[in-house]
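Structural overview
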Amino acid sequence: MKILVINAGSSSLKYQLFDMDNETVLAKGLCERIGIDGHLKHTPLVEGKSVFNEEIPMPTHAEAIAAVMDKLTSSEYGVVSSMHEIGAVGHRIVHGGEYFSSSVVITDEVLKLIEACSPFAPLHNPAHITGIKACMEVLGKDVPEVAVFDTSFHQTMPPKAFIYAIPYEYYTEDKVRRYGFHGTSHRYVSARAMDMMGRHDDDLKLITCHMGNGSSICAVKGGKSIDTSMGFTPLVGLPMGTRCGQMDMGAVQYIMHKHNLNIDEMLEILNKKSGVLGVSGVSSDFRDLEAAMAEGNKRAELALDLFHYWVAKTIGGYVAAMNGVDGIVFTAGVGENSAETRKAVCEYLGYLGCAIDDEANSLHGTERFISTPDSRVKLMVVPTNEELVIARDTKALVG
Ligand code: AMP
């Protein structure tokens, strides 16, 4: 069965086509500048086919999907002979609110509920809905579509972890609570870690650190999320590439008054100009920060120190929440690639009996243990694969 995985943004659309008979990716690509002019980069991953990287008019997402279909089935760039080989489509959806604790086949009712969650993710959910409707238009309603939510893995959090300490009516009437994000990634890497450790029991305590441009940490007990660092939005928790993480509302109000900013201007700063970019004044990219620090840039060093400190103290909080930890997993762009970050974080964790193996830590790219044999806590690197989870859930629901 071939499954197309779609991640639709407001002006972009990422895709991967999976052959689920052997879980391989046949082709992947990115449409950009949808609604402006349109550009498609399509990369076939089978031999003898060429990469396509050119401008194509894309007034709406439907033209983008049509262009993707055209390339997937063309003799020069294609990997399938006809669109009818695509058995189903899986969509990444950022917000499922409290409606969805697992992936679902998309029906009219499901579409309405995804729409009902749009106020919680105004930049993402409307774009996902546009992507779903574009697929229905181009592929036809007979091809089943599945929604896989970033929030659903965290629906197992207990109320003490998700309720904000504000008047309770804001939860009961307005659904204001902590939801958490990156759930598909935390779910994938925690499941891999359970396999790697050969343990699938309810007592297994894992802490998964998704550290990329956006970062979050999750406490996973017996395979279930019991707490996570992001909240009602993905702005909070750890300091990130450009997002502020934990912040005092009083300081926010003070800055707004002092600099005469309205709430949208302030949120733009907290979302796009803060985090390690804001502190360092150098970059949101950890490679640039590590290079700047090596050249003696003190603010780049401070930004990295601050990031490591927040990761370590969040891990410490989750050790308390679970009364222990058996394994800590690092994933995403920084977690998978930066040996320096993993080492710096683990240096805080000696009190837990975490001992990092420098040689294993310095390797690249592969799923592996990076703890010494006598480390009390297993340390692991697991490359995340959110698209594969979406393809697997889609197959499970429609296959
Ligand atoms: P993601 O959001 O998961 O795609 O991760 C993007 C982040 O990964 C960027 O901030 C990159 O700086 C970071 N990254 C990628 N490769 C490396 C590397 N070799 N060392 C440090 N950071 C890296």
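Residues numbered from 1 in each chain as written. Predicted model: local features only at pLDDT ≥ 70, side-chain atom pairs only at ≥ 80, totals over all residues. Heavy atoms only, no water.

Glancing now at the packing of aromatic side chains. Tallied over the full model, the rule gives 10 aromatic pairs. Ring geometry for Y99 against F100: centres 6.4 Å apart, planes inclined by 65 degrees, an arrangement best described as edge-to-face. Its relative accessible area of 48% is what places Y99 among the partly exposed residues. Taking the relative accessible area as the measure of exposure, F100 reaches 5% and is therefore buried. Geometrically, the ring pair formed by Y179 and F232 is tilted, given 6.1 Å between the ring centres and 45 degrees between the ring planes. You can see Y179 sitting in the loop between α5 (169-172) and α6 (183-197) and its partner F232 sitting in the loop between β11 (224-228) and α7 (249-259), a full 53 residues away along the chain. Among the residues examined, Y179 registers a relative accessible area of 0% and is labelled buried. (Phe/Tyr/Trp six-rings, centres within 6.5 Å; stacked < 30°, edge-to-face > 60°. Buried < 20%, exposed > 50% of the residue type's maximum accessible area, 1.4 Å probe, protein only. Helix = DSSP H or I, 4+ residues; strand = E, 2+ residues; numbered from the N terminus.)

Around the ligand, the structure places G212, N213, S284, D285, F286, R287, A332, G333, V334, N337 and S338. In this structure, an oxygen atom belonging to the ligand sits 2.9 Å away from a main-chain N or O atom of F286. Contact between the ligand and N337: a nitrogen atom at 3.5 Å from a side-chain N or O atom of the residue. Here the ligand, which alone exposes 510 Å², has 71% of that area covered by the protein. Broken down by secondary-structure element, the contributors of at least two residues to the shell around the ligand are α10 (286-294) and α12 (332-337). If one sorts the elements of the shell around the ligand by residue count, α12 sits on top with four residues. (Near = heavy atom within 4 Å. Polar contact = N/O pair within 3.5 Å; in protein donor to acceptor, adjacent residues only side chain to side chain. Areas by Shrake-Rupley, 256 points an atom, 1.4 Å probe, with all protein chains shown as cover.)

A separate point is the sheet that holds strand β13 (residues 368-369). Within the open sheet, the six strands sit side by side as β11-β10-β9-β12-β14-β13. Their pairing is mixed. Whereas interior strands pair on both sides, the edge strands pair on one side only; in this sheet they are β11 and β13. With respect to the sheet, α6 is in contact with β9 (205-211), β10 (215-221), β11, β12 (327-331), β13 and β14 (378-381), its orientation differing from that of β9 by roughly 135 degrees. (Pairing = 2+ DSSP bridges. Contact = heavy atoms within 4.5 Å. Axes fitted to C-alpha atoms, helices over the stretch in contact; angles between N-to-C directions.)

Across seven bridges, the pairing between strand β2 (residues 13-19) and strand β3 (residues 24-32) is antiparallel. When the bridges of β3 are listed, F18 appears paired with V25. Between β2 and β3, which pair antiparallel in sequence order, lie four residues; one of them, E23, sits at a positive phi of approximately 55 degrees. Pairing geometry for β3 and strand β4 (residues 39-44), over six bridges, is antiparallel. Residue pairing in the sheet places C31 in a bridge with L40 of β4. Adjacent in sequence and paired antiparallel, β3 and β4 are bridged by six residues, among which R33 carries a positive phi angle near 60 degrees.

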